[in-house]
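# Close look at the chain arrangement
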Amino acid sequence: MRQNYVPAIFARGGTSKGLFFNAADLPAEQTERDALFLAALGSPDPYGRQLDGMGGGISSLSKIAILAPSGHPDADVDYTFGQVAVDQEVVDYAVNCGNLASAVGPVAVEAGIISVPDGTVSVRIHATNTRQFITSTFEVRDGSPVTTGDLALPGVAGLGAPIELEFHDGGGSITSGVLPSGNVCDRLTVEGLGEIEVSLVDATNPVVFVEAATVGMTGVESIAALDADHDLLRRLDVIRRAGGVAMGLGSSPESIALANPKIAVVGPAKPFTALDGAEVGADDYDISVRMLSMGGWHRAVTSTGALCIATAAAIEGTLPNQLHATSTTEGILRIGQPSGIVPAAATAETENGVWHARTASLFRTARVLMRGEVAVNR
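None of the values given here were measured: they were computed from a predicted structure.

Another point: the pairing of strand S12 (residues 186-190). Judged by which residues are buried, S12 turns out to be one-sided: Asp 186, Leu 188 and Val 190 face inward and are buried, whereas Arg 187 and Thr 189, on the alternate face, are not. In this structure, S12 lies alongside strand S13 (residues 194-203), joined through five bridges in antiparallel fashion. Directly across from Val 190, in S13, lies its bridge partner Gly 194. Here S12 hands over to S13 after three residues, with Gly 192 in that stretch at a positive phi of 85°.

Residue Pro 44 is bonded to the preceding Ser 43 through a cis peptide linkage, with omega at -5°. Examined against the element boundaries, Pro 44 turns out to sit in the loop between helix H1 (30-41) and strand S3 (63-69). With omega at 0°, the peptide bond leading from Asn 260 into Pro 261 counts as cis. Even without a glycine there, the phi angle at Thr 204 is positive, about 70°. Looking at the secondary structure, you find Thr 204 in the loop between S13 and strand S14 (205-211).

All right, on to the pattern of salt bridges then. According to the stated counting rule, one finds twelve salt bridges in the structure shown. A salt bridge links Arg 371 to Glu 110, with the nearest nitrogen and oxygen atoms 2.9 Å apart. Placement of the pair is Arg 371 in strand S23 (residues 366-377) and Glu 110 in helix H2 (residues 98-110), with a sequence separation of 261 residues. Given the relative accessible area of 57%, Arg 371 is considered exposed.

Rules behind the numbers
- Each residue is numbered by its place in its chain's sequence as written, counting from 1.
- Local features in this predicted model are restricted to residues whose pLDDT is 70 or higher, and side-chain atom pairs enter the listing and the counts only when it is 80 or higher, whereas totals over whole chains, interfaces and linings include all residues.
- Side-chain descriptors were evaluated using all non-hydrogen atoms of the structure, hydrogens and water having been removed beforehand.
- Only protein chains enter the accessibility calculation, which uses a 1.4 Å probe; a residue is then buried when its area is under 20% of its type maximum, exposed when over 50%, and partly exposed in between.
- Runs of E in the DSSP output that reach at least two residues are strands. Runs of H or I that reach at least four are helices, and both are numbered from the N terminus.
- A pair of strands is considered paired only if DSSP assigns at least 2 bridges between the two.
- A carboxyl oxygen of Asp or Glu within 4 Å of a side-chain nitrogen of Lys or Arg is what we treat as a salt bridge.

See the structure below:
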């Protein structure tokens, strides 16, 4: 078997990294595309390291993005996201990635997929997975995206140029609405666990929110402690799958996909030590979160997760709304997560008694790390 070489860009977006492809360079048939993506990232890998590919052995480092000029009148570029399982032969397109979305505009400029002038530009992105529209605002100089700046992003070493992402009308990304069950809180009957109170919220991505105390957590546990508790992982996945059924994402727990919904354990602000060793005080943020994705704990809250938390906190009566500190200012929610504090903003309002997510935004940084061709054995 000989190696084939496919044009690609390897880029960091927020706290994730992935391979970006121009749709024009890919095979038209979906199974051929999936085989290419799996080979490029080194999946499936029973050792969980993806050493024979570009993946990094965890969900946030095992991602692909397909870009193309958009045919939609309200967008400049189409963005299709693929979550590649590390240890399974799976490429999941049922979810959006806000972290990689922060790199879409800069990569599209670097790759010549779109043309923009120098200065502050706003690129309109159509996220095809969830049919959402995102405005990405960043700086371009001498025809290239600016990467140096003074924005620190928890979970990423060093500083970078700010990229503002604004998600428009993000409620009901893949379900019936921002509150898929119609309730701000639900009680799920979970096999082996009894009744569990949750909030089911779909804003940019669907998330099952459960209070830390309900599952025997403080909400500020270290990643090392969480990774070691395999029984907790199992219990949370049972809750996640039950929440997915209640959201209408499947008819049975077994039918719920690995990628969605996410599950987030939320709690009141308490002191904790971030992954870089920094001490974070209870007064420094408004709500704690520890989040699972693809069966593993996220080192940094996902961008769409942060936006969903901010939206949920803006909806009266949800668990995030009940638990977050009242000290939030100017609509900014300060989220305490393993890598530090992430600020996010969101607006939600009721119309005829039904909640709607209007806008949600946050700042990220991104950078092209390599461009050229990725080698795949096919």
